[in-house]
Amino acid sequence: MNRLLIPLLILLGSLLFSWFWNCNRKDYCPDCQPKAIVAEVAVTPVVTDTVTVQAEDTTQANLTPEEKVLFEPLDVYFQSGKSSINRTEEINTWLTTAKAYLEKNPNEKLSVTGHTDSDGDDASNIALSEKRAGIVKTILVKDGFADAGLTVIGKGESEPIVENDTPENKAKNRRVSIRLIK
């Protein structure tokens, strides 16, 4: 009985984690309402003998408002087999923020990572994801971003945000994610 119970619990735990991750990452889960996550950093003194040490979360505490926006990946979507993007107001706002931030911080870079759905073989999906990421890079360079400040990566179908089981889910996986890297 224990041999069956442990793998079953692991499976249920991983399914619950996948559901939670996909429903809370962005507005992509039709059955779920996305939850706003507010991170508050509490600075508490830690006393050891006579020395007081300040403990703080340095990953979020030192970020500017622009960095908080730019560290959240912006997903740009494609139609199946196409290389043109669907441009939205969210994309334009994010790009405006990114451009202003990179002008103030020329040593920072953006990562442009291409992804595909599960249609096709691995080699063609890697090539397609690199092509799509390259197209987004070209669009960004035309919009005034520095070519040297953009890093292009193709992941193919290796990092889906949802299962590739329906046409709607496949459309969510055909994307290029843009985010600030440090």
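Residues numbered from 1 in each chain as written. Predicted model: local features only at pLDDT ≥ 70, side-chain atom pairs only at ≥ 80, totals over all residues. Heavy atoms only, no water.

Caption draft 1: Main features of the pattern of salt bridges. Here the structure, examined in full by the defined rule, presents four salt bridges. Here Asp 117 and Arg 174 are joined by a salt bridge, their closest N and O atoms 2.8 Å apart. Of this pair, Asp 117 sits in the loop between strand E4 (109-115) and helix H5 (122-142) while Arg 174 sits in the loop between helix H6 (167-173) and strand E6 (175-181), and the two are 57 residues apart along the sequence. Between Lys 155 and Glu 159 there is a salt bridge, with its nearest N and O atoms 3.3 Å apart. Given a relative accessible area of 38%, Glu 159 falls into the partly exposed group. (Salt bridge = Lys/Arg side-chain N within 4 Å of Asp/Glu carboxyl O. Helix = DSSP H or I, 4+ residues; strand = E, 2+ residues; numbered from the N terminus. Buried < 20%, exposed > 50% of the residue type's maximum accessible area, 1.4 Å probe, protein only.)

Caption draft 2: Broad picture of a nonpolar patch on the surface. Side chains of Leu 5, Leu 8, Leu 9, Leu 11, Leu 12 and Leu 15 sit close together on the surface and give an oily, nonpolar patch of about 550 Å² of accessible area. Looking at the secondary structure, you find Leu 8 in helix H1 (residues 2-25). Of the residues examined, Leu 8 reaches a relative accessible area of 43% and is grouped as partly exposed. (Patch = residues over 30% accessible without salt bridge, like charges linked within 9 Å, V, L, I, M, F, W, Y side chains within 5 Å. Areas by Shrake-Rupley, 256 points an atom, 1.4 Å probe, with all protein chains shown as cover.)

Caption draft 3: A look at the pairing of E4. Of all seven residues making up E4, six are buried, and the element is well covered by its neighbours. Both E4 and E6 contribute to a ladder of seven bridges, which runs antiparallel. By the bridge assignment, Gly 114 is partnered in E6 with Val 176. (Pairing = 2+ DSSP bridges.)

Caption draft 4: View of the nonpolar core. Core analysis: the largest hydrophobic core is formed by 19 residues, its most contacted members being Trp 94, Leu 110, Val 112, Val 136, Leu 140, Phe 145 and Ile 178. Of all elements in the fold, only strand E3 (74-77), helix H4 (89-104), E4, H5 and E6 reach the threshold of two or more residues within this core. By residue number, the principal contributor to this core is H4, which donates six residues. (Core = buried A, V, L, I, M, F, W, Y, C linked by side-chain atoms within 4.5 Å.)

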